[in-house]
Every structure is written in structure tokens, then in C-alpha cells.
Amino acid sequence: MASIEVGRVCVKTAGREAGEKCVIVEIIDESFVEVVGTEVKNRRCNINHLEPTEDTVEVSDDIEAVKSALESL
């Protein structure tokens, strides 16, 4: 199973963005991470609402670069 880490590509499993891919850009605490994606707003998310995939992307301060890396997968 894939782990929760910065750069990990995940699929949201709950909420209005369920089924959308996102990337973990920051770990806030043991229950929450900050995610961003092409169809996912940059926001805090409960890790119980994420399904990690095997894919990872390079995370930088440039959010648009992270989104374009996610699109290229």
C-alpha cells in the first residue's frame, strides 16, 4: 500500500470532489494534509478521505507546476 507523503498522488473518496486526483503538498498533522489538483481546490483534507496511488510527483512552491505534473500522469 502507498503511504501518505508529500508528492503522493491520491484519489479523493469523499465530498463533492470524490473521484478526482490530487497531490499532497503539505502534511498538517496525523489526520490532515493539504492537497491540490486540477479539479481539486487547494485545501485541507482528512487523510481518511484519500486513497493513495503508486504515483508521485515533484512538489515545489509553484502550484501550477504541480498541477501540470499531475495532468501528465
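Preceding this section is the structure that the text describes.
**A short note on the sheet that holds strand E5 (residues 50–56)**
Stage number 1. The strand order across the open sheet formed by five strands is E4-E3-E2-E1-E5, and the pairing between neighbours is antiparallel. Looking along the sheet, the strands with just one partner apiece sit at the ends: strand E4 (43–46) and E5. Ignoring strand direction, the axes of neighbouring strands in this sheet form an average angle of 50 degrees.
Stage number 2. Sheet topology note: the strand E1 (residues 8–12)/strand E2 (residues 21–27) ladder contains three bridges and is antiparallel.

**Quick look at a nonpolar patch on the surface**
Stage number 1. Side chains of Ile4, Val6 and Ile27 sit close together on the surface and give an oily, nonpolar patch of about 220 Å² of accessible area.
Stage number 2. Classification of Ile27 as partly exposed rests on a relative accessible area of 42%.

**So, the nonpolar core**
Stage number 1. Cys10, Cys22, Ile24, Val33, Val35, Val40, Cys45 and Leu50 together form the largest nonpolar core, which totals eight residues.
Stage number 2. Those elements that place two or more of their residues in this core are E2 and strand E3 (32–36).
Stage number 3. Each residue touching Val40, except ones within four places of it in the same chain, is listed here: Lys12, Glu17, Glu20, Lys21, Cys22 and Val35.
Stage number 4. Listed in part, the seven residues of the second largest apolar core include Val9, Val23, Val25 and Val66.

**Topic: the side chain of Lys12**
Stage number 1. Tracing the backbone through its elements, the reader meets Lys12 in strand E1.
Stage number 2. We classify Lys12 as buried; its relative accessible area is 8%.
Stage number 3. At 3.2 Å, the side chain of Lys12 forms a polar contact with the side chain of Glu17.
Stage number 4. Once you skip the residues sitting within four places of it in the chain, Lys12 turns out to touch Glu17, Ala18, Gly19, Glu20, Cys22, Val40, Arg43, Cys45, His49 and Leu50.

**Examining the environment of Ile27**
Stage number 1. With respect to the secondary-structure elements, Ile27 resides in strand E2.
Stage number 2. For Ile27, the residues in contact, after removing those within four places along its chain, are Ile4, Glu5, Val6, Phe32 and Val33.

Cut-offs applied
Residues numbered from 1 in each chain as written. Predicted model: local features only at pLDDT ≥ 70, side-chain atom pairs only at ≥ 80, totals over all residues. Heavy atoms only, no water. Pairing = 2+ DSSP bridges. Helix = DSSP H or I, 4+ residues; strand = E, 2+ residues; numbered from the N terminus. Axes fitted to C-alpha atoms, helices over the stretch in contact; angles between N-to-C directions. Patch = residues over 30% accessible without salt bridge, like charges linked within 9 Å, V, L, I, M, F, W, Y side chains within 5 Å. Areas by Shrake-Rupley, 256 points an atom, 1.4 Å probe, with all protein chains shown as cover. Salt bridge = Lys/Arg side-chain N within 4 Å of Asp/Glu carboxyl O. Buried < 20%, exposed > 50% of the residue type's maximum accessible area, 1.4 Å probe, protein only. Core = buried A, V, L, I, M, F, W, Y, C linked by side-chain atoms within 4.5 Å. Contact = heavy atoms within 4.5 Å. Polar contact = N/O pair within 3.5 Å; in protein donor to acceptor, adjacent residues only side chain to side chain.

All quantities given are derived from atomic positions and should not be read as evidence of function.
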